[in-house]
Each structure stands twice: as structure tokens, then as C-alpha cells.
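Residue-level listing of the chains:
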Amino acid sequence: MMLSTITIYLHLPLMLLVISLVYSATRHEEWDEILIEAFRWGIRMFGFMFTVGAVLFGVSFLW
Amino acid sequence: MSSAPTAPPKDAPPEPSMLGAGLSYLIPGLGQIYQQRYAKGALFMVSLLGMFMVGQSMGQWQNVYIPREDGGGHRSLVGSLVLRWHYAGQFWIGVAAWPALSHYYGPPPRDVEENPSFWRRYQRPPGETQLNEFIVNSDRTPDLGWVYTVIAGMLNILVIYDAYAGPMILAVPTIPRKAAAPQPTMESKKEAVA
């Protein structure tokens, strides 16, 4: 049960990479700028999702 | 006498291109390839179509559709989109989402098959019983699947804008930073006092 819950989120790192790369490529033309912006957005999105996940885990643990 | 045309500055936004935008709507990245921005075009095409297809496969290829019938007959497009708003986002991926429109506007299926082939059920609205069985018997994967297809469609709006007017950051005029004023030294302070 736990494993099946985790495995549906295995796509997420790849999706995070794709979304940040595509979004950054629509904002810049030069590849070094695109990659830097993509890295920044990747970190921001990962941080946001990690925080939400940690809060939900904490809430479920306390309940 | 003719003078050679001056090349536009590198950071200048390109001329708006309706053709590029239209091509990028049809197939993500095609407008950029037409504009000879091959690497970006390939990135958009592979990423967005890949994400859309992965999302569809997670929903067993039946999460991109427009419901066409209610109890009384053919439902209006607006009514269908209120019921199934996901398609308003999925539509922007372009040609890849057109089979759903074709099923919506096309003739109703003549017979309900037990196990229809892949192409017959591709983007066709699933039956209520089939949909309930699928949702009850699967984990959260189908939900994640339609999210991916909607994200791919929404991102393609940015790609269409990029093909129309170039990267967004070039459209914002950059303000050069002012040179920092030199800090006063002790000697200059003494001179000012004297």
C-alpha cells in the first residue's frame, strides 16, 4: 500500500525538470540563461512541494 | 545608392509572427522550428508532447475527452466544458487534442463494443459504468494523469507566445544600474571641512 502510494510520484522529478525547463525557455533565448533560470525554478518548486509534503506528513502523524 | 540594412540589436524582441504562433499551437515547438530556433523548438516538442502522452497513458488514454450527451440528447459545448473543464486546458496542446473534438462533433457511435480497439476508444468519452469501475479500481495515477495533460496544454500557451513575440524577458525593457557613487575618503572629508 505504502509502496504503491510512493510509486505514483516517481514521475514528479522528471515533470519538475520538464516544467522548469520549458517555462525558462519561454523567458530567455540564450541557453546558459535558460539553464540558470530552470535550476532556480526547479529549486523553488521542489522546496514548495517538499514543504507542503512535510506539513501534510506532520498533520497526518499528529492526527 | 542603397545602404545595407542594419541588423537589429541582439536583445531586441523579434517582430510578432502570427504564423509562428499558429504553428506552435498546432504542434508545440513547430513555430520555433519555422523561425529557425531549432533547439528550443525540439525542447518544446519533445517535452510537451511527451508530458501530454504520459498523462494520457496514466489515464488509460481516456482522460482527454468532451462529454457529449446528457439524459436528453446532445449537450452544448459550453455545458460540456463546465462539466469537464479539464479540456479547456488540454485544448491548447493543439492537434494532439483534436480527436476529442472530432468525437464531440462527429456522429454517435453506432454500437457499444465490449472491448473496442485503441483507436476507437482514443479520446472518446468513457461510459459511466466504465468510468466508475476505472476510478474505483485504480490508485491516484489517473488523477495525476489528467493534471499532466492540463499542465502540458497550459505551458503550450507560453510556447505560443514565445513563437509570436519572442522570449518574455526581452519584452521587458532593462534599466541599466546606476554607477555607484565613489565613497568619500578621509582626505576628501578633511578638504571639505577646510
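As a reminder, the structure under discussion sits directly above these lines.
Below is a summary of the structure that appears in this document. (Residues numbered from 1 in each chain as written. Chains lettered and ligands numbered in written order. Predicted model: local features only at pLDDT ≥ 70, side-chain atom pairs only at ≥ 80, totals over all residues. Heavy atoms only, no water.)

**Observations regarding the overall build of chain A**
Phase 1 of the analysis: Counting secondary structure elements, chain A contains three helices and zero strands.
Phase 2 of the analysis: Helices (α) and strands (β) of chain A occur, in sequence order from the N terminus, as α-α-α.
Phase 3 of the analysis: Relative to its full complement of 63 residues, chain A shows a buried share of 25%.
Phase 4 of the analysis: Carbon and sulfur atoms provide 80% of the accessible area of chain A, an area that totals close to 4,700 Å². (Helix = DSSP H or I, 4+ residues; strand = E, 2+ residues; numbered from the N terminus. Buried < 20%, exposed > 50% of the residue type's maximum accessible area, 1.4 Å probe, protein only. Areas by Shrake-Rupley, 256 points an atom, 1.4 Å probe, with all protein chains shown as cover.)

**Description of the nonpolar core**
Phase 1 of the analysis: Counting 27 residues, the largest nonpolar core has Val 22 of chain A together with Met 51, Phe 52 and Ile 93 of chain B as its most contacted members.
Phase 2 of the analysis: For this core, the elements supplying multiple residues, two or more each, are α2 (12-25) and α3 (31-62) of chain A together with α3 (38-58), α6 (98-105) and α9 (141-165) of chain B. (Core = buried A, V, L, I, M, F, W, Y, C linked by side-chain atoms within 4.5 Å.)

**Comments concerning the packing of aromatic side chains**
Residue and element names in this part refer to chain B.
Phase 1 of the analysis: Taken as a whole and judged by the stated rule, the model has eleven aromatic pairs over all chains.
Phase 2 of the analysis: Ring centres 6.4 Å apart and planes at 45 degrees place the aromatic pair Tyr 25 and Trp 98 in the tilted group. Here the residue Tyr 25 occupies a position in helix α1 (residues 18-26), and Trp 98 occupies one in helix α6, the gap between them amounting to 73 residues.
Phase 3 of the analysis: Residue Tyr 25 is classed as buried on the basis of its relative accessible area, which comes to 14%. (Phe/Tyr/Trp six-rings, centres within 6.5 Å; stacked < 30°, edge-to-face > 60°.)

**Side note on the side chain of Asn 156 of chain B**
Residue and element names in this part refer to chain B.
Phase 1 of the analysis: Topologically, Asn 156 is positioned in helix α9.
Phase 2 of the analysis: Using a relative accessible area of 0% as the deciding quantity, one classes Asn 156 as buried.
Phase 3 of the analysis: Beyond its immediate chain neighbours, meaning those up to four positions away, Asn 156 contacts Ser 24, Tyr 25, Pro 28, Leu 48, Trp 92 and Ile 93. (Contact = heavy atoms within 4.5 Å.)

**Brief notes about the pattern of salt bridges**
When the charged atoms of two side chains lie near each other, side chains of opposite charge can form a pair.
Phase 1 of the analysis: Inspection of every chain in the model, using the stated rule, returns six salt bridges over all chains.
Phase 2 of the analysis: With a closest N to O distance of 3.1 Å, Asp 162 of chain B and Arg 37 of chain B form a salt bridge. Here Asp 162 of chain B is found in helix α9, whereas its partner Arg 37 of chain B is found in the loop between α2 (30-34) and α3, with 125 residues between them in sequence. Of the two residues, Asp 162 of chain B and Arg 37 of chain B, neither departs from the other in class, the shared state being buried.
Phase 3 of the analysis: Overlapping salt bridges, with partners in common, bring together Glu 29 of chain A together with Arg 37, Lys 40 and Asp 162 of chain B in one network. (Salt bridge = Lys/Arg side-chain N within 4 Å of Asp/Glu carboxyl O.)

Keep in mind these numbers describe shape, not what the thing actually does.
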